[in-house]
Amino acid sequence: MSFDATNSSKSFKSVGTRPLRPDGVDKVTGRARYGADFNMPGQLVARVLRSKHAHAKIKSIDTSRAETVKGVKAVVTAADLPDLTDGDPALFAVLDNCMARNKAMYDGHAIAAVAAIDEKAAKAALKLIAVDYEILPHVTDVDAATLPDAPVLNEAIFTQGVEPKSTRPSNIANRTEFGHGDVDVGFSHADSVVERSYKTEQTHQGYIEPHACVANCNPDGTAELWVCTQGHFVYRQVCADLLGIEVSKLRVTSSEIGGGFGGKTHVWTEPVALALSRKANRPVKLVMSRDEVFRASGPTSATSIDVKIGANKDGIITAATATLRYTSGPYADMWAELGAMTSFACYDLENVKTVGLEVIVNRPKVAAYRAPSAPMAAFAVESAIDELAQKIGMNPVDFRIQNVASEGTQSSYGPIYGPIGIGPTLEAAKAHPHMSAPLGKNQGRGMACGFWFNFGGQTCTDLNISADGTVTIAVGTVDVGGSRASLSLIAAEELGLSYDNIKAVVADTSTLGYNDMTDGSRGTFSTSMATISAARNAIEIMRHRAALMWDIPLGDVYWEDGHAHAAGTKHGNLAPLSVKDIAAEAGKTGGPIAGHSELVADGAGVSFATHICDIDVDPETGSSRVVRYTVIQDAGKAVHPSYVEGQYQGGAAQGIGWALNEEYIYGEDGRLQNPGFLDYRIPVCSDLPMIDTQILEIPNPKHPYGVRGVGETSIVPPLAAIANAVSNAVGVRMTHIPVSPPRILAALTDAKD
Amino acid sequence: MRYERPDTMQAATALLAGAEAKSFVLAGGTDLLVRMQNDDFEADLIVDIKAISGMAKVTETDDGFVIGAGVPSVALFEDTALVAAWPGVVEAANLIGSTQIQGRCTIVGNLCNASPAADSVPALVAAGAVAQVAGPSGTRDVAVIDIPTGPGKTSLAKGEIIQAILLPKPNARTGDAYLRFIPRTEMDIAVVGVAVNLTLNEDGTVIAARVALGAVGPKVILVDTAAKAVIGSKLEDVVLQALSESCSAACTPINDKRGTVAFRTQVAGVLARRAAQTAYTRAGGK
Ligand SMILES: Cc1cc2nc3c(=O)[nH]c(=O)nc-3n(C[C@H](O)[C@H](O)[C@H](O)COP(=O)(O)OP(=O)(O)OC[C@H]3O[C@@H](n4cnc5c(N)ncnc54)[C@H](O)[C@@H]3O)c2cc1C
């Protein structure tokens, strides 16, 4: 049955309220079960041996001595994960990243793994694995990797997307291009042009919970995996493919999640844990250390971006171009492509062209990180936009409003926009008291806009009505930010029940149909759609049951305010039947009452935000403090406003960390210097002011309640907002993220000389 | 690995002196326990000194203060006489980590861990502190500056334990201060640390000074040229400039993940000036 997801404006009873999330108390009291909290009888402990070389050929691996260590039950190498990827390069990259096959491609690349009865035996065995390496030249820097003298990291990679076809192997795996119009003509009409190069360093999602799982392969060919993930159905598919297990025979249960932000949309050690369990014939627990999380689980790209924007003296942008180089780690991917698509998405441009170049380097395989690739592109573009506004003497908000995209605009990446929120967020920013608040000495204000696509995807939800009239919803999208609360509000709204009557659970892969993972800000958008659909299906059944209970024709029963009503007057004065009334009789009217929904949630609706930031810079030390920060973002409809605000604040906090201090630092030897929270500096509480939020609600026409995803866009503007604020505070344009104290001080010193 | 918790210093030093392979003293454990998580950490013996009597006490004597090796940072802050006498030392000890860390960590552990970036060490050196070292054959007093010899290395011999830090009674009109640079607001390691200890005469002229730098060389640096620059002055602008320059000149830092040579050198000068101004005010100047 197809579901009509068109937005129908209505007033809400539950949606828009702020009840406590059902998982909150457990999380703050330590009862919640995270990835490492699951245990099985007879379980072994696994540890992974990782390369200390940035680039090396693996000539041989001798595990014989490790196998003799008392307590060791299995040792695996790439030989235990035979290549079943059948020519699928993306899947092969996952396999090779889980366990290096011929070459170690980065510091931290897995080489072998051990399962033993305890940690001590596992560690002792790791030390006895003898690996014969042939060290190869390495390259970790995004620009250095593209130079003619750079070592070619993979002889089989020839730049795709170029004409004529490239004939020499290259570290540039792919070139993509987007845009429309004629930029040369556009620049010829410009009165002012800003042209600059920017760089951003590689950052990690920085989730507090490390990757953790328990894997159990049974002799009958079935297997189970308990794991911290953003998408247990996707993990099931990938693990089954890599291990040659039939998909339905692998049951994956997701734990509570202590942060993912995209980093838990990819498998890292799970196939290795399964391979160890298969070999040892025992359950195996594998928990990554923080050092491993940094060295070997996916960070985002390091980038180098050239931007050129021209405007006429009326403040109209006449042309804009960007060339974006994004590292993807050792394997080809599409991170630069996403950057190239998002760069100019906020603006209505006649002539625009962006080029994305995917760069291979000796760093870990890049993973999604909240609106992946968009923050860096926004940093470069929004910095240039600010500078151009200054050059032509326009206020930066007005300049953006002058050029903003709106309904009907052809976006820089192709599609024509429907109703969108970028204009309203800019107008709200202009009117916000923050914009006109006075600044102190050594303070600067910056602003920036951001865009993210959002995604919908495959979704399956069950809604079961219990005999007492309370309701369970079983969903397949992992709750990463309060979605169980939001979805309960949605079910309560549809059924006319109270929030307390609804219990939402995340079902495992054997008890529900396939669901895409929680990425692309899709959790609440898509699963609320499926929940509404499931609730409406259950209501339809309850109408039938009411008709049976009353013994009147179905056509005379309608549903309103959580009750079945008998239409008209011909059936006498029948009192409406509540969900509870109908549920109590279910056993006599046809059995349990449930609503199901399977759908592809289309029309996620693009998302926009504008951020404003005030920063205080000590010109003698380069030390900076964010003193005020405001996020203005379109939510479509805020189902649970507190958790929408939480997403706005969380994204801003991560973006501020990225902008100011976070970075992967590699030594000359190609090894990561700071694989820990001491020297990989995410903001601590006292580093941040309370982040103000303003929710705009421009309904998404393709969602019944108007909902848009809100999880990612909030990390897009901060890099640029901070860089603009610092540049304004110190009077020097900052072009390299993070704008850490040494970079600020060096820029100030250079400017003086 | 063996864990021992002796109740006398003799027993503790004897255990360490008799240990066959790697052994460690355990004070607050905020460095040691973290190190023990490393895959390549190995130890045969851990000797916890916190059960030895007197370790957890700060004692005020005629000559000064005796700070036991087990005293956590937070207890220094609660000792009003010590705070009044050596505010710079106490503020340095209370920059270490966070509230939780300060409930455990000790200044002796900070010193013996021998990190070039240890926060309390420049302040102790500027204050002229002395370490009371117990060994199998008795005790000896060693100037704090002579304890660390390089990153992770100390001059302590096998079997030796620092049992207390001795701080003198400050002369009249003395003030000290410690400032460090970290990119964040807390939970960070000093990129540069500067301690200044000044004594003034009645008219506010500096008559004695000690200036110590942390995190800008393999170990804490006592900068005599900086002291000379301020003695005889009232910290006039030119003097502060000279102080700043002498501190920058004394730096021998490296480029690393925490900061560049240029940054550390420049900021050492800036912090020296600021710390000197605070010390001067605390000494009753202006
Ligand atoms: C989260 C965190 C934040 C931190 N922040 C800072 C910071 O901001 N600034 C800073 O300087 N440090 C910081 N540290 C490091 C650490 O807290 C300090 O160095 C602390 O002072 C160590 O004291 P402790 O008593 O815990 O030492 P322990 O860990 O007990 O010992 C440290 C070392 O000294 C040796 N040792 C201890 N006592 C004696 C003794 N009496 N005689 C001989 N040897 C001895 C031990 O064997 C060991 O090698 C931080 C640590 C953590 C975990």
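Residues numbered from 1 in each chain as written. Chains lettered and ligands numbered in written order. Predicted model: local features only at pLDDT ≥ 70, side-chain atom pairs only at ≥ 80, totals over all residues. Heavy atoms only, no water.

## Overview of the overall build of chain A
In plain terms, the rule: Runs of H or I in DSSP of at least four residues are treated as helices and runs of E of at least two as strands, each being numbered from the N terminus. Taken over C-alpha atoms, the radius of gyration is set against a globule rule of 2.2 Å times the number of residues to the power 0.38. Per-residue accessibility, obtained with a 1.4 Å probe over protein chains only, is compared with the maximum for each type, and a residue is labelled buried under 20%, exposed over 50%, and partly exposed between these values. We call two residues in contact when some of their heavy atoms are within 4.5 Å. The Shrake-Rupley method, run with a 1.4 Å probe sphere, supplies the accessible areas, and residue values consider only the shown protein chains as cover. Asp and Glu are treated as the negative residues and Lys and Arg as the positive ones, with His and the ends of the chain left uncounted. Where a charge lies is defined by one atom per residue type: Lys uses NZ, Arg uses CZ, Asp uses CG and Glu uses CD.
Helix and strand content of chain A: 20 helices and 27 strands. Over its C-alpha atoms chain A spans a radius of gyration of 27 Å, differing by no more than 12% from the 27 Å that the globule rule assigns to 753 residues. A principal-axis box enclosing the C-alpha atoms of chain A has dimensions of 90 × 75 × 50 Å. The buried share of chain A, reckoned over its 753 residues, is 62%. Counting only contacts in chain A whose residues sit at least 6 apart along the sequence, the fraction spanning at least 24 positions is 79%. Summing over all exposed atoms, chain A offers an accessible surface of approximately 27400 Å²; the carbon and sulfur share of this is 52%. Across chain A, 66 positive and 84 negative side-chain charges occur, with their mean positions spaced 5 Å apart.

## Observations regarding empty space enclosed by the protein
As a reminder of what qualifies: Think of a 1 Å grid over just the protein atoms. A cavity is a set of points where a 1.4 Å probe fits yet cannot get out, a pocket is an open set with protein on both sides within 12 Å along at least five of seven lines, and lining residues have an atom within 4 Å of a point. Grid points are joined across faces, edges and corners, and a volume is the space filled by probe spheres set on the points. The residue classification treats Ala, Val, Leu, Ile, Met, Phe, Trp, Tyr, Cys and Pro as nonpolar and Asp, Glu, Lys and Arg as charged. All others, Gly included, are polar.
Counted according to the given criterion, the structure contains four cavities of 30 Å³ or more. As for the largest cavity, its lining consists of 17 residues, and the residues nearest its centre are Ser624, Leu660, Asn661 and Asp687 of chain A together with Pro183 of chain B. Residue assignment for the lining of the largest cavity shows that the elements contributing at least two residues are β25 (624–634) and α18 (641–660) of chain A. Grouping the constituent residues of the lining of the largest cavity by class yields nine nonpolar, four polar and four charged.

## So, the interface of chain B and chain A
Short version of the rule: Accessible surface is computed with a 1.4 Å probe, and the buried area is the amount of it that two parts give up when combined, taken over both parts together. Definition used for salt bridges: Asp or Glu carboxyl oxygen within 4 Å of a side-chain nitrogen of Lys or Arg. Throughout this description, a polar contact denotes any pair of N or O atoms lying within 3.5 Å of each other; where both atoms belong to protein, one of them has to be capable of donating a hydrogen while the other can accept it, and for residues adjacent in sequence the pair is counted only when both atoms sit in side chains.
Contact residues are listed per partner, giving 22 residues for chain B and 26 residues for chain A. Taken together, both faces of the contact between chain B and chain A bury some 2200 Å²; the carbon and sulfur share is 47%. Three residues stand out in chain B for area buried against chain A, namely Asp39, Arg184 and Lys257 of chain B, and they jointly supply 31% of the buried area on that side. For the pair chain B and chain A, the number of links is seven salt bridges. Where glutamate 620 of chain A meets arginine 273 of chain B, a salt bridge forms, and the shortest distance between an N and an O atom there is 2.5 Å. Taken together, the connections running from chain B to chain A amount to 14 residue pairs in polar contact (both at pLDDT 80 or more). Among the elements that line the side of chain B that touches chain A, the one with the most residues is helix α11 (residues 261–282) of chain B, at six residues. Class assignment for the residues of the side of chain B that touches chain A results in nine nonpolar, four polar and nine charged.

## Description of the environment of glutamate 540 of chain A
All names here are of chain A. Structurally, the position occupied by glutamate 540 is in helix α15 (residues 523–550). Exposure remark for glutamate 540: the relative accessible area of 34% places this residue in the partly exposed category. For the pair formed by glutamate 540 and tryptophan 559, sequence separation is 19 residues and the distance between their alpha carbons is 8.5 Å.

## A short note on the site of the ligand
Residues and elements named next belong to chain B. As a reminder of what qualifies: What makes a residue near a molecule or strand is one non-hydrogen atom of that residue sitting within 4 Å of it. Boundaries of every domain are those given by an automatic assignment or by a domain database.
With respect to spatial proximity, 31 residues lie near the ligand, and among them Val25, Thr30, Asp31, Thr106 and Asp119 are the closest. Alanine 27 places a main-chain nitrogen or oxygen 2.8 Å from an oxygen atom of the ligand. Take threonine 30: an N or O atom from its side chain is 2.6 Å from an oxygen atom of the ligand. When residues of the shell around the ligand are traced back to their parent elements, those giving at least two are β2 (23–26), α2 (32–36), α7 (107–112) and β10 (161–168). The biggest single contributor to the shell around the ligand is α7, with four residues. Residues of the shell around the ligand, tallied by class, amount to 19 nonpolar, eight polar and four charged. In this structure, the shell around the ligand is formed jointly by two domains, domain 1 (2–168) and domain 2 (179–282), each of which donates at least three residues.

## Re the packing of helix α3 (residues 89–98) of chain A against helix α6 (residues 232–243) of chain A
All names here are of chain A. Note the following rule: In this analysis, axes come from line fits to C-alpha atoms, helices being fitted only over the stretch in contact, and the angle between any two N-to-C directions falls in the range 0 to 180 degrees. Angle categories: roughly parallel below 35 degrees, roughly antiparallel above 145, roughly perpendicular from 65 to 115, and oblique for all the rest.
Remark: α3 packs on α6, axes separated minimally by 11 Å, with the N-to-C direction vectors making an angle of 80°. Judged on the interaxial angle alone, α6 and α3 are roughly perpendicular. Listed contacts from α6 to Leu91, Val94 and Leu95 of α3 are Val238, Asp241 and Leu242. Per-class residue counts for the contact of α3 with α6 are five nonpolar, no polar and one charged.

## With respect to the sheet that holds strand β20 (residues 557–560) of chain A
All names here are of chain A. Spelled out, the test is: Two strands form a pair only when DSSP identifies at least two bridges running between them.
Across the sheet, three strands lie side by side as β20-β21-β22; this open sheet has antiparallel pairing. The sheet terminates laterally at β20 and β22 (577–578), the two strands that pair on one side only. By the bridge criterion, four bridges tie β20 to strand β21 (residues 563–566) in an arrangement that is antiparallel. Directly across from glutamate 560, in β21, lies its bridge partner histidine 563. Relative to the sheet, α15 contacts β20, β21 and β22, its axis offset from that of β20 by approximately 130°.

## Section: the domain arrangement of chain A
Residue and element names in this part refer to chain A. You can read the domains of chain A as domain 1 (24–31 + 456–601), domain 2 (44–136 + 209–258 + 264–296) and domain 3 (303–454 + 605–752). Centre-to-centre separation of domain 2 and domain 3, based on C-alpha positions: 36 Å. Contacts between the two partners involve 19 residues from domain 2 and, on the opposite side, 17 residues from domain 3. Summing both partners gives a buried area of about 1700 Å² for domain 2 against domain 3, and 63% of it is carried by carbon and sulfur. At the surface where domain 2 touches domain 3, the tally comes to one salt bridge. Ionic pairing is found between aspartate 107 and arginine 671, a salt bridge with its closest N-O pair at 3.1 Å. Across the contact surface, domain 2 and domain 3 share nine residue pairs in polar contact (both at pLDDT 80 or more). Broken down by secondary-structure element, the contributors of at least two residues to the side of domain 2 that touches domain 3 are α3 and α8 (290–296). The element best represented in the side of domain 2 that touches domain 3 is α8, accounting for five residues. Residues of the side of domain 2 that touches domain 3, tallied by class, amount to eight nonpolar, five polar and six charged.

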